[in-house]
Amino acid sequence: HASAAAAPAGGYTALVKSFDALCKDSKKGAVRENWLNLEDKFEKLASKSKGDARIRAMYHTARCREELARRSAATGDAAEAAKLFGRVASASPKHSLAPESKYRQAALLGGPRLNQTKEALAALTELQKRWPKSQAAKKGADLAGRLERSGSQAKAGASTSRRSTGERTGSSSR
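Scope of this entry: the structure provided in the associated data block.

Reading guide: rules and limits
Along each chain, numbering runs from 1 in the same order as the chain's sequence is written. The predicted origin of the model limits local features to residues at a pLDDT of at least 70 and limits the giving and counting of side-chain atom pairs to 80 or more, whereas totals for whole chains, interfaces and linings rest on all residues. To obtain the side-chain values, all non-hydrogen atoms of the structure were used and water was disregarded. Angles here are taken between N-to-C directions and fall from 0 to 180 degrees, while the axes themselves are lines fitted to C-alpha atoms, restricted in helices to the stretch in contact. Numbering goes from the N terminus for both helices and strands, where a helix is a DSSP run of H or I of at least four residues and a strand is a run of E of at least two. These descriptions rest on fixed angle ranges, namely under 35 degrees for roughly parallel, over 145 for roughly antiparallel, 65 to 115 for roughly perpendicular, and the rest for oblique. Handedness of a crossing is defined here by the sense of rotation of the near helix relative to the far one, left-handed for an anticlockwise turn of less than a right angle and right-handed for a clockwise turn. Contact between two residues is taken to exist if any of their heavy atoms lie within 4.5 Å; hydrogens are not considered. Three classes are used: nonpolar for Ala, Val, Leu, Ile, Met, Phe, Trp, Tyr, Cys and Pro, charged for Asp, Glu, Lys and Arg, and polar for all others, with Gly counted as polar. The span one expects for a helix is its residue count, reduced by one, times 1.5 Å. In this text, buried Ala, Val, Leu, Ile, Met, Phe, Trp, Tyr and Cys residues form a nonpolar core when linked through side-chain atoms within 4.5 Å. A simple rule labels every residue: compare its accessible area, found with a 1.4 Å probe on the protein chains alone, to the largest value its type can have, and call it buried under 20%, exposed over 50%, or partly exposed in between.

**Overview of the packing of helix α4 (residues 51–72) against helix α5 (residues 75–91)**
Here is step 1 of the chain: Relative orientation of the contacting elements α4 and α5 amounts to 160 degrees, with a least axis distance of 8 Å. As summarised for this structure, α4 and α5 are arranged roughly antiparallel, according to the angle between their axes. Considering only the axes of α4 and α5, their crossing is left-handed. In this structure, α4 contributes R54, I55, M58, Y59, T61, A62, R63, R65, E66, L68, A69 and S72 to the contact, and α5 contributes D77, A78, E80, A81, L84, F85, R87, V88 and A91.
Here is step 2 of the chain: The class makeup of the residues in the contact of α4 with α5 is 12 nonpolar, two polar and seven charged.

Written out as structure tokens, the structure reads:
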């Protein structure tokens, strides 16, 4: 029994080392396939694991996609990373990685690639309600403030351009 539990943990440790090395290696880190292969390995480990080991492997699956999204600037990668982080938080809300996963989901949703402010704020509200004392909740409050400010600035900009368009339309109809 103990050796069965140690095997996934050892596999996990090796994969995390690979993840860290890939993050630091600008050449290998720039290759999409390297991230997808590592993501697949974490995903397979998660499917074979239970409890803490499963959640940690799921978290790193999401981290792989997040790193890929950061490097690729692809909207689809950011969306997939957000979805994967949401799964981590939902799969085990009492796990220590759940609040950080919810925060990362919100950051991706509210980021420039996805620009889904409403969904990001909903994720941050959930973060504040479920894990109010977590470090992630503190970061989440800051992120929510930034998103709300940028959202109100965007609305103000849109109404200003509508007013100026209306003024031009009004003056041209005379």
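Having seen the model, we can carry on.
**Concerning the packing of helix α3 (residues 32–48) against α4**
Here is step 1 of the chain: Axis separation between α3 and α4 bottoms out at 8 Å; the angle between their running directions is 165 degrees. By the criterion of interaxial angle, the relationship of α3 to α4 is roughly antiparallel. The handedness of the crossing between α3 and α4 comes out as left-handed. Between α3 and α4, the contacting residues are R32, W35, L36, L38, E39, F42, E43, L45 and A46 on the first element and R54, A57, M58, H60, T61, C64, R65, E67, L68, R71 and S72 on the second.
Here is step 2 of the chain: In terms of residue class, the contact of α3 with α4 is made up of 10 nonpolar, three polar and seven charged.

**Points about α4**
Here is step 1 of the chain: Compared with the 32 Å implied by 1.5 Å per residue over 22 residues, the 32 Å span of α4 between its first and last C-alpha is a close match.
Here is step 2 of the chain: A73, located one to two residues past α4, shows a positive phi value of around 60 degrees.

**Here's the deal with the nonpolar core**
Here is step 1 of the chain: Grouped together as the largest cluster of nonpolar side chains are 42 residues, with contacts concentrated most on L38, F42, L124 and L127.
Here is step 2 of the chain: Where this core is concerned, the elements lending two or more residues are α1 (2–24), α3, α4, α5, α6 (98–110), α7 (117–130) and α8 (135–172).
Here is step 3 of the chain: It is α4 that provides the largest number of residues to this core, a total of eight residues.
Here is step 4 of the chain: Once residues lying within four places of it in the same chain are set aside, the contact partners of L124 are Y103, A106, G140, L143, A144 and L147.

**A look at unusual backbone geometry**
Here is step 1 of the chain: Not every positive phi belongs to a glycine, and A73 is a case in point at roughly 60 degrees.
Here is step 2 of the chain: Note on A73: relative accessible area 46%, which makes it partly exposed.
Here is step 3 of the chain: The backbone of N115 shows a phi angle near 50 degrees, a positive value even though the residue is not glycine.
Here is step 4 of the chain: Within the secondary structure, N115 sits in the loop between α6 and α7.

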